[in-house]
Amino acid sequence: MSKRMFGAVAVMAAACLAIALGGVTPALAGLGQPSQGQLGLQLSATPLMDEISRLFDLVNIIITVIVLFVLVLMVWVMFRFNEKSNPTPSRTTHHTLLEVAWTIVPILILVAIALPSFHLLFNQYTFPKADVTIKAIGDAWFWEHEYVDDKVTVTSNIINDEDLLRAKLGEEAFDKKYGALEGAELHNALYTDSLPLWKEDKKIRRLSVDREIAVPVNKNVVVLVTSNDVIHQWAVPSFGAKQQAVPGRTAAVWFKPTKIGSFFGQCMVLCGKLHSAMPIVVRVVEQPVYDVWMGALKAKDGKKAQEILDADTASQAVIEQSVAQAQ
Ligand SMILES: [Cu+2]
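Trainee: Describe helix H6 (residues 183–200), naming the residues involved and giving the relevant values.
Mentor: In a regular helix each residue adds 1.5 Å, so 18 residues correspond to 26 Å; H6 covers 26 Å between its end C-alpha atoms and thus fits that length. In H6, a bend of some 40° at Ser-194 exceeds every other bend along the element, and Pro-196, a proline, comes one to four places later. Note on H6: the residue one or two positions beyond its end, Lys-202, has a positive phi of about 55°.

Spelled out as structure tokens, the structure:
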């Protein structure tokens, strides 16, 4: 290999390695929410997601090594065995050792991927005894969360630019200011004017909801997922939890959150016009906070329940950090 060629291969290898390492750098991924310029998965908050992240990293490393190996081989063949450098080609058609190697090595690679993959599948489908059971019902376009044992339901609707502005200005002033606008003009005005309010209210645009659901930390949560109308999907990336919501059927997913905070998810199956308007927010809190929150829900006071979550400094600190990052 000539010096110049070696230099080019080295630069390409370094670039690939930088991309591969970038994918696993925690600074680029958010906990419980996506972040600007994110390359890898969202940070993990459950043992299942730990396992998913490990498998993701393992497969990424294997892919990177294979790509670099094939790249080096191709470059080598192009330069070392072209007509000019190698005028009399070898007539070899078989090489037993090589043939055995290129059969065995891929098998070993597949086994190395299959073992952790089956282990993960087994864990995902082995349901622990549930401490909290939530029935998540997809509707076009919002989520209802029914706490099966406590017989309470939390309905989560997305917060829009308009909602923040109406709350800030009051109904009358809002109508006076925006009543004459329509279409894109109205949309742009609402977007621009509401931008500072998102930060002020400590909410994340397109991800925050009016009524969040809460679960206690370090407890097993089983979510039964179904739908009232079309196919949706209940998914919270940091929990490694994702399940189709099919009308007439109930599927289940489980997670055990080990970190306190706010965890954002979304409907992940295209379900219609407002598919993007059905986020999920799960607040992971200490058991006592959860009990007080549940008490408020049982007293049919959804507003107070949300205030309890907003006043919980432990999980609120995490969301404030997220808001600061997102702006
Ligand atoms: Cu959807």
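Trainee: Go over unusual backbone geometry with me, naming the residues and quoting the values.
Mentor: Between Ala-140 and the following residue, Trp-141, the backbone shows a cis peptide bond with an omega angle of 5°. The topology assignment puts Trp-141 in the loop between strand E1 (132–139) and strand E2 (142–147). Not every positive phi belongs to a glycine, and Arg-206 is a case in point at roughly 75°. For Arg-206, the position within the fold is in the loop between H6 and strand E4 (213–216).

Trainee: Tell me about the packing of helix H4 (residues 161–169) against H6, and name the residues and values.
Mentor: Running from N to C, H4 and H6 cross one another at 70°; their axes reach a closest spacing of 9 Å. Looking at the two axes, H4 sits roughly perpendicular to H6. Contacts from Asp-161, Glu-162, Leu-164, Leu-165 and Lys-168 of H4 reach H6 at Leu-190, Tyr-191, Asp-193, Ser-194, Leu-197 and Trp-198. Class assignment for the residues of the contact of H4 with H6 results in 6 nonpolar, 1 polar and 4 charged.

Trainee: How would you explain the sheet that holds strand E3 (residues 152–156) if you had to name every residue and give the values?
Mentor: Spatial ordering of the open sheet is given by E3-E2-E1-E5-E8, a layout of 5 strands whose pairing is mixed. Each edge of the open sheet is held by one strand with a lone partner, namely E3 and strand E8 (251–255). Strand-to-strand twist of the sheet, defined as the mean angle between neighbouring strand axes without regard to direction, takes the value 25°.

Trainee: Describe the sheet that holds strand E7 (residues 241–245), listing the residues and the values that go with them.
Mentor: The mixed open sheet is built from 5 strands, whose spatial order is E4-E10-E9-E6-E7. Strands with a single pairing partner mark the edges of an open sheet, and in this sheet they are E4 and E7. Strand-to-strand twist in this sheet, taken as the mean axis angle between neighbours without regard to direction, amounts to 25°. Examined bridge by bridge, E4 and strand E10 (residues 279–285) share 4 bridges and lie parallel to one another. By the bridge assignment for E10, Ile-213 is matched with Val-282. Sheet strands touched by helix H7 (residues 287–298): E4 and E10. Its angle to E4, the strand with the most contacts, is close to 140°.

Trainee: Describe the pairing of E2, naming the residues involved and giving the relevant values.
Mentor: It is a general feature of regular strands that their side chains alternate between the two faces of the sheet. In the sheet, E1 pairs with E2 via 6 bridges, with the strands oriented antiparallel. Counterpart to Gly-138 in the pairing with E2 is Trp-143. The hairpin turn running from E1 into E2, its antiparallel successor, is 2 residues long. Note: E2 against E3, 5 bridges, orientation antiparallel. Following the sheet pairing, His-145 is matched in E3 by Val-154. Counting the residues between successive antiparallel strands, the hairpin from E2 to E3 contains 4 residues, one of them, Lys-151, with a positive phi of roughly 55°.

Thresholds, definitions, all that
- Residues numbered from 1 in each chain as written.
- Predicted model: local features only at pLDDT ≥ 70, side-chain atom pairs only at ≥ 80, totals over all residues.
- Helix = DSSP H or I, 4+ residues; strand = E, 2+ residues; numbered from the N terminus.
- Expected span 1.5 Å × (residues − 1).
- Bend = angle between axes of the 7 residues up to and from the residue.
- Axes fitted to C-alpha atoms, helices over the stretch in contact; angles between N-to-C directions.
- Parallel < 35°, antiparallel > 145°, perpendicular 65-115°, else oblique.
- Contact = placed C-beta atoms within 7 Å.
- Nonpolar A, V, L, I, M, F, W, Y, C, P; charged D, E, K, R; others polar.
- Pairing = 2+ DSSP bridges.

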